[in-house]
Amino acid sequence: MVELKTENADVGKENVDPSEEEEVMEVDESVEVKVFTVEILRVIKDLQLQHGLRHGDYQRYRGYCSRRVKRLRKTLNLPQGDRRHYKKRDVTVANLEKANSDDRFLHIPLMLAERAWSYAMQLRQESNTELRKRFHLIQKLRKACGYALQLQSLCASNCCDARTKLEAEAYSAWMHGSLHFELSLWKTAAENLKKAQVIYENLAQAMPEEEQPVYRAKVEELKPSLRYCAYNVGENASVNDLLEMRTGQAAGLLGNLSNLVAQTKAESMDAFQQTEWRGRSVTVRPEKVRLFLLSIQELDKSIEKAKDVPAKIELLETVLIDCKDSIAAIKDEIKQDPKLRASATDGTTGLIGIQYLLAYMSYTRLKLTLERNLFLVAQAKQTLDDPNVAGKATAPAASAVGKKSKPQDLSRLYEIILQNVTEMQQLSGMENDAGYQAEMETLSLSFRAFRCYYIALTLVAMKRWREAVALYERSRKYAADAIAAKASSSDFNLQPELQQLVATIEGCKFSAHAYSVLEDDGTEDSVLYGKSLKTSKPLYERLSHYKEDATLNSRNPNVFKLVPEMEPIPAKPLFFDLALNFVEFPSLDDKIDQKAAGGKGGAAAGMTGFVKGLFSWGGGGGGSK
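Residues numbered from 1 in each chain as written. Predicted model: local features only at pLDDT ≥ 70, side-chain atom pairs only at ≥ 80, totals over all residues. Heavy atoms only, no water.

- The chain has the name Signal recognition particle subunit SRP68 in an unreviewed UniProt entry, where Anopheles darlingi is given as its organism.
- Quoted verbatim from the Function (unreviewed entry) heading of the UniProt record, the comment on the chain is "Component of the signal recognition particle (SRP) complex, a ribonucleoprotein complex that mediates the cotranslational targeting of secretory and membrane proteins to the endoplasmic reticulum (ER). The SRP complex interacts with the signal sequence in nascent secretory and membrane proteins and directs them to the membrane of the ER." (UniProt positions renumbered as here; feature names shortened; annotations may be inferred.)

So, in structure tokens, the structure goes:
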């Protein structure tokens, strides 16, 4: 077919003017040939798990492959005839070299091979009861091998990169190995399977970390078949053959494997930028994260060039916004990939590449936040009213800013910094890293020392000397432990500041201790260094102590409190007459009846006489009449 096309092309060139031929050649050279990348193994594994093979349903997967081929041919305008007539049309290199070509042309032979292979596996399950179906199985595997060879020839052109070439070669070798395995051709089956295994091993080494598991799983999948082939071939012969194939010396089966692997590594390095954190390289796939990592490479120099502390803080806040956007891009990529989402929630300690990148970006965000907070501390120190440093309150910087900072403001800032360090300690995947945890613990001790120091300054301003002495001592202990710790963070070097803090604490502690002693002597109402101290006790409570008190000669001497102070006494208990309704009182009816009888008779007689005399009733009056 190639020679025929060449002859036709030569015939056509005879009638073409040489100048026109040069123009045609220039046009052909101006057309850029696209280079496609098809991750064959990952594509087929994803499709198999989504369409039936998770449960061993080969018939469902075969139906999907048929529908997929039909959709691809319709979309890519590559039909095989019309409804009435059938005309076979295979994918050729010419389809890949078109200006509007698509990598989905390569999916057509891949899906055809997968359809034939799934049909063969379905027949293999049914051949346990019907032996005649084994012949049909072999035919389908031969057909699958033919489509795999077609895919390999398409990928061998200049339209595909080295990775696609290796994957197509490994896929074809695996398909042929499966066919020879069914035909009991153990030696050739072992050669093809071993060839596929070696290619997948080299691809796993050349690929980024997050793409390696699928290749390593395929290598493990091929091991049982290779052991069975080795058993049937014979132990000595199989071992020698496999060793020769591993080194790429067996009849040129692997060909230019090393060159293709090197080219694949170079392409993967160009496609994905890699960054290193704590001795481990991690691949950066999201474009937004890649741009952010490039932008912060010169961040230290930009901070040094900033004119003052507020400018440095503003610069860090701008970078922090970009860092948060990069973290959001990584989380979105994890959510879109179900495998990454499942591995992120299964609680495993090991981190794959994208999760390790997320941990690194989270650490970067916390580190930038901590640096911003340290600059806020430095800004507050410029206007700090430190009672232990004379003349600092009248410094030019303090007068320029206007508002003075207080020690409690700095202690609050250090509290926020300690929260940042705690979040660093709790980063996902870094819990079991002993070196990292030791560095964070040292960092936490350092900032605790500074926080205790400024809390002590706050207590000094409140004249709480004893508490201040205790906090000075605790700050010194934290600082000494942080200095003695061998694990120091490479991003934060606080050793000079801690040593200066220890030297400052020594003087401050003795000063606060002296003030506390003076305060204790004053509370005992004694004469200190010939000076009398004022007291609020009346004279009758301090008769045994001599003390000159000029207020005794004034108009209001403090001799005795005329109004005694209120003292707590037991309260009078309250009684509630709850049993009144249940008490039986003695009967007084006899006394009530006597009084009632005498009172009623006298009252009746008096009223009767009054009425009779009023109306002249009665016996005497009537008789006279």
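### Examining the overall build of the chain
Thinking step 1. What the chain contains, in helices and strands, is 24 helices and 2 strands.
Thinking step 2. In the chain, buried positions account for 37% of the 625 residues.
Thinking step 3. Considering only residue pairs separated by 6 or more positions, the chain has 66% of its internal contacts joining residues 24 or more positions apart.
Thinking step 4. Summing over all exposed atoms, the chain offers an accessible surface of approximately 38,800 Å²; the carbon and sulfur share of this is 53%. (Helix = DSSP H or I, 4+ residues; strand = E, 2+ residues; numbered from the N terminus. Buried < 20%, exposed > 50% of the residue type's maximum accessible area, 1.4 Å probe, protein only. Contact = heavy atoms within 4.5 Å. Areas by Shrake-Rupley, 256 points an atom, 1.4 Å probe, with all protein chains shown as cover.)

### A few points about the pattern of salt bridges
Thinking step 1. A full pass over the atoms with the stated rule returns 21 salt bridges.
Thinking step 2. Glu221 serves as the salt-bridge partner of Lys218, at 3.5 Å between the closest nitrogen and oxygen. Of this pair, Lys218 and Glu221 both sit in helix H10 (residues 212–233), separated by 3 residues, roughly a single helical turn.
Thinking step 3. Relative accessible area serves as the criterion here: at 3%, Lys218 is assigned to the buried category.
Thinking step 4. Taken together, the shared-partner salt bridges connect Glu39, Arg42, Asp46, Arg163 and Glu167 into one network. (Salt bridge = Lys/Arg side-chain N within 4 Å of Asp/Glu carboxyl O.)

### As for the packing of helix H3 (residues 40–50) against helix H4 (residues 58–75)
Thinking step 1. Where H3 meets H4, the axes come as close as 9 Å, and the angle between the chain directions of the two elements is 120°. In terms of their interaxial angle, H3 and H4 are classed as oblique. Taken as a pair, H3 and H4 cross one another with a handedness that is right-handed. For the pair H3 and H4, the contacting residues are Ile44, Leu47, Gln48 and Gln50 in the first and Arg60, Tyr61 and Tyr64 in the second.
Thinking step 2. For the contact of H3 with H4, the residue count by class is 4 nonpolar, 2 polar and 1 charged. (Axes fitted to C-alpha atoms, helices over the stretch in contact; angles between N-to-C directions. Parallel < 35°, antiparallel > 145°, perpendicular 65-115°, else oblique. Left-handed = near helix turned anticlockwise from the far one by under 90°. Nonpolar A, V, L, I, M, F, W, Y, C, P; charged D, E, K, R; others polar.)

### Quick notes on the nonpolar core
Thinking step 1. One finds Leu357, Met361, Phe447 and Tyr472 to be the most contacted residues of the largest nonpolar core, which totals 70 residues.
Thinking step 2. Leave out the neighbours within four places in its chain, and Phe447 touches Leu370, Leu374, Tyr414, Ile417, Leu418, Val421 and Leu494.
Thinking step 3. Ranked by size, the runner-up nonpolar core spans 68 residues in total, among them Leu53, Leu72, Leu78 and Tyr147. (Core = buried A, V, L, I, M, F, W, Y, C linked by side-chain atoms within 4.5 Å.)

### Here we look at the packing of aromatic side chains
Thinking step 1. A complete count under the given rule lists 19 aromatic pairs for this structure.
Thinking step 2. Here Tyr200 and Tyr215 contribute two aromatic rings whose centre-to-centre distance is 6.2 Å and whose plane-to-plane angle is 40°, an arrangement assigned as tilted. Residue Tyr200 is located in helix H9 (residues 186–206), and its partner Tyr215 is located in helix H10; the two are separated by 15 residues in the primary sequence. Per residue, the accessibility class of Tyr200 equals that of Tyr215, and both read buried.
Thinking step 3. Seen in terms of ring centroids, Tyr540 and Phe560 are 4.7 Å apart; in terms of plane orientation they differ by 55°. Their pairing is tilted. Placement of Tyr540 in the loop between helix H22 (495–523) and helix H23 (589–615) and of Phe560 in the loop between H22 and H23 is noted, with a sequence separation of 20 residues between them. (Phe/Tyr/Trp six-rings, centres within 6.5 Å; stacked < 30°, edge-to-face > 60°.)

### Some remarks on unusual backbone geometry
Thinking step 1. Of note in this structure, Asn77 is not a glycine but carries a positive phi near 60°.
Thinking step 2. Secondary-structure assignment places Asn77 in the loop between H4 and helix H5 (93–96).
Thinking step 3. Residue Asn77 is classed as exposed on the basis of its relative accessible area of 60%.
Thinking step 4. Backbone geometry at Ser184 places phi at a positive 65°, although glycine is not the residue there.
Thinking step 5. Assignment of secondary structure puts Ser184 in the loop between helix H8 (162–182) and H9.

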